[in-house]
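# Analysis of the macromolecular model
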Amino acid sequence: MTQKFLDKVDMQTKQLGNSELHITPIGFGAWAIGGGGWAFGWGEQDDQESIAAINRALDLGVNWIDTAAVYGLGHSEEVVAKALKGRSNRPYIFTKCSLIWDEKGKIGNSLKADSLRGEVEASLRRLDIETIDLYQIHWPNPDSEVEEGWTTLAKLKDEGKVRYIGVSNFNVEQLKRAQEIAPVTSLQPPYSLVKRDVEKEILPFCKENNIGVIVYSPMQSGLLTGKMTLERVANFPDDDWRKKNSEFQEPRLSRNLKLVEVLQHIGQQHDRSPGEVAIAWTLNNPALTGAIVGGRNPKQVEGIIGAGEFRLNQQELDQIGTFLRENP
């Protein structure tokens, strides 16, 4: 991007739900830096590039990192620890549990107390920290174990292993069940111009109940960055999970790339990338506290960081709204 992004970006922080954490509108998402070779990998990734990307994001003002134990089967958490070694201004570290794997890398689900206790110890060790700032249930599976899982997280909080507890991919009914046991600090759902299901019930519920919302995939896993083309998608490596995703296949792919053209047109008037426009659109929703944005190298980080201070005007929001209505 242009010269203005080489300095710190002016990002106003917001309080995350019932916590004392005040987070920047965008956080660094560490899914892709887990690398390839596992079920939801993004293809090969250079660790030095990942470390440089994390440090660039922090130098530009981002104050939280979101990772998960399962990303790269523990590798993402280890890379985050390496990136933070020697930094005086440590960001908040958020990670997730409930997806476990065996020695062959086969992924399963567990919300059993013993399993979660083992997971938190492994994450603390990999991240090389004493307390996790926000510990989240990654998926509410199996559903019958949600109560046991949430009760365990509440205990881990009481014991000081984690500061706050949240959930990811929960529906309203599951949020209510968790709330009966202990307050939910935050929800992490998918939300983007392409995936808007949470607007109807989930986001209003969180707003009413002071549950912070940090959304993932606001650029739909790279689809709305302006860097995606039919050729690039066709050439995805076999270990890139997006290859099999319906939004990256026809007929949705062409429709989504047309949406990018709209974002490009708006962005050009402000010297912003289509990805920044896409993120700014999600952050315009009052229920949101922040958006998780991945970056695989410093250049990618510089191309999206401006979304933390960019605001769309009503005319631009209407323009995007018209496209979405006409191209559902």
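The preceding data block contains the structure.
This text gives an overview of the structure that appears in the document. (Residues numbered from 1 in each chain as written. Predicted model: local features only at pLDDT ≥ 70, side-chain atom pairs only at ≥ 80, totals over all residues. Heavy atoms only, no water.)

### A few points about the side chain of Ser-123
Under the convention used in this document: Helix numbering and strand numbering both begin at the N terminus, where a helix is a DSSP run of H or I of at least 4 residues and a strand a DSSP run of E of at least 2. Burial here depends on accessible area, computed with a 1.4 Å probe over protein chains only, as a share of the maximum for the residue type. Under 20% is buried, over 50% is exposed, and the range in between is partly exposed.
Within the secondary structure, Ser-123 sits in helix H3 (residues 113–127). Owing to a relative accessible area of 0%, Ser-123 belongs among the buried residues under this scheme.

### A look at the layout of surface pockets
Quick note on the threshold: Points on a 1 Å grid, built from protein atoms alone, make a cavity when a 1.4 Å probe fits but cannot get out and make a pocket when they are open with protein on both sides within 12 Å along at least 5 of 7 lines; residues with an atom within 4 Å of a point are the lining residues. Grid points are joined across faces, edges and corners, and a volume is the space filled by probe spheres set on the points. Residue classes follow a fixed rule: Ala, Val, Leu, Ile, Met, Phe, Trp, Tyr, Cys and Pro count as nonpolar, while Asp, Glu, Lys and Arg count as charged, and any other residue, Gly among them, counts as polar.
For the second largest pocket, the calculated volume is near 190 Å³. Lining the second largest pocket, in full, are Gln-12, Lys-14, Pro-25, Ala-280, Leu-283, Asn-284, Leu-288, Thr-289, Gly-308, Phe-310, Arg-311 and Leu-312. Looking at side-chain class alone, the lining of the second largest pocket contains six nonpolar, four polar and two charged residues.

### Regarding helix H5 (residues 172–179)
Condition: The criterion used for residue contact is that any of the two residues' heavy atoms lie within 4.5 Å. Counting of polar contacts relies on pairs of N or O atoms within 3.5 Å, with two restrictions inside protein: one atom must be capable of donating a hydrogen and the other of accepting it, and residues adjacent in sequence are counted only when both atoms are side-chain atoms.
Residues of H5 that are buried: Val-172, Gln-174, Leu-175, Arg-177 and Ala-178. For H5, the elements touching its buried residues are helix H4 (146–158), strand S9 (162–168), strand S10 (186–188) and helix H6 (202–208). Among the residues of H5, the N-terminal cap falls to Asn-171, whose side-chain oxygen and the backbone nitrogen of Glu-173 are separated by 3.2 Å.

### A short note on the sheet that holds strand S5 (residues 92–97)
Paired through backbone hydrogen bonds, the strands of a sheet run either parallel or antiparallel to each other. Quick note on the threshold: For two strands to count as paired, DSSP must find a minimum of two bridges between them. For helices, the fitted axis covers only the stretch in contact; all axes are lines through C-alpha atoms, and the angles between them, taken along N-to-C directions, range from 0 to 180 degrees.
A barrel is described by the order of its strands in space; here eight strands give the closed sequence S3-S4-S5-S8-S9-S10-S11-S12, paired in parallel fashion. Adjacent strand axes in the sheet meet at a mean angle of 30 degrees when their direction is disregarded. Relative to strand S8 (residues 132–137), S5 is paired through four bridges, and the arrangement is parallel. Its bridge partner lying in S8, Lys-96 is registered against Gln-136. Lying over the sheet, H3 contacts S5, S8 and S9, oriented at roughly 140 degrees with respect to S8. On the sheet, helix H9 (residues 274–283) packs against strand S3 (26–29) and strand S12 (290–294) and is oriented at approximately 155 degrees with respect to S12.

### Thoughts on the packing of helix H1 (residues 47–59) against helix H2 (residues 75–84)
The condition that has to hold: Note on angle classes: values under 35 degrees are labelled roughly parallel, values over 145 roughly antiparallel, values of 65 to 115 roughly perpendicular, and the remainder oblique. Crossing handedness is defined as follows: a turn of the near helix away from the far one that is anticlockwise and smaller than a right angle gives a left-handed crossing, while the clockwise case is right-handed.
Between H1 and H2, the least distance of the axes is 9 Å, while the angle of their chain directions is 60 degrees. Overall, the two elements H1 and H2 adopt an arrangement that is oblique. Here the hand of the crossing between H1 and H2 comes out right-handed. On H2, the residues touching Asp-47, Ser-50, Ile-51, Ile-54, Asn-55 and Leu-58 of H1 are His-75, Val-79, Val-80, Lys-82, Ala-83 and Leu-84.

### Considerations on the nonpolar core
Going by this rule: By convention a nonpolar core is built from buried Ala, Val, Leu, Ile, Met, Phe, Trp, Tyr and Cys residues, the set being connected through side-chain atoms within 4.5 Å.
In this structure, Phe-28 and Ile-320 are the most contacted members of the largest nonpolar core, which totals 82 residues. Of all the elements, H9 adds the most residues to this core, at six residues. Ile-320 has contacts with Leu-193, Val-262, Leu-263, Ile-266, Val-277, Trp-281 and Leu-312, leaving out every residue within four places of it along the chain. Among the nonpolar cores identified, the runner-up in size contains ten residues, and Leu-16, Ile-23, Trp-64 and Ile-214 belong to it.

### Quick look at empty space enclosed by the protein
Considering all chains together, one arrives at one cavity of 30 Å³ or more under this definition. Taken as a whole, the largest cavity holds about 50 Å³ of empty space. Lining of the largest cavity is provided by Ile-26, Gly-27, Phe-28, Ala-57, Val-62, Val-293, Val-301, Ile-304 and Ile-305. Among the secondary structure elements, those contributing two or more residues to the lining of the largest cavity are S3 and helix H10 (298–304). Sort the elements by how many residues they give to the lining of the largest cavity and S3 lands first, with three residues. For the lining of the largest cavity, the class distribution of residues is eight nonpolar, one polar and no charged.

### Regarding H9
Most of H9 sits inside the fold, with ten of its ten residues counted as buried. All of the buried residues in H9 are Pro-274, Gly-275, Glu-276, Val-277, Ala-278, Ile-279, Ala-280, Trp-281, Thr-282 and Leu-283.

### Some details on unusual backbone geometry
Most of the time, phi is negative for any residue but glycine, and the peptide bond is trans. Cis rather than trans, the peptide bond between Asn-141 and Pro-142 has omega equal to -10 degrees. Secondary-structure assignment places Pro-142 in the loop between S8 and H4. A positive phi angle is found at Asn-210, which is not glycine, with a value near 55 degrees. Tracing the sequence through the fold places Asn-210 in the loop between H6 and strand S11 (212–215). Here Ser-217, not a glycine, exhibits a phi torsion of approximately 55 degrees, which is positive. Mapped onto the elements, Ser-217 comes out in the loop between S11 and helix H7 (230–234).

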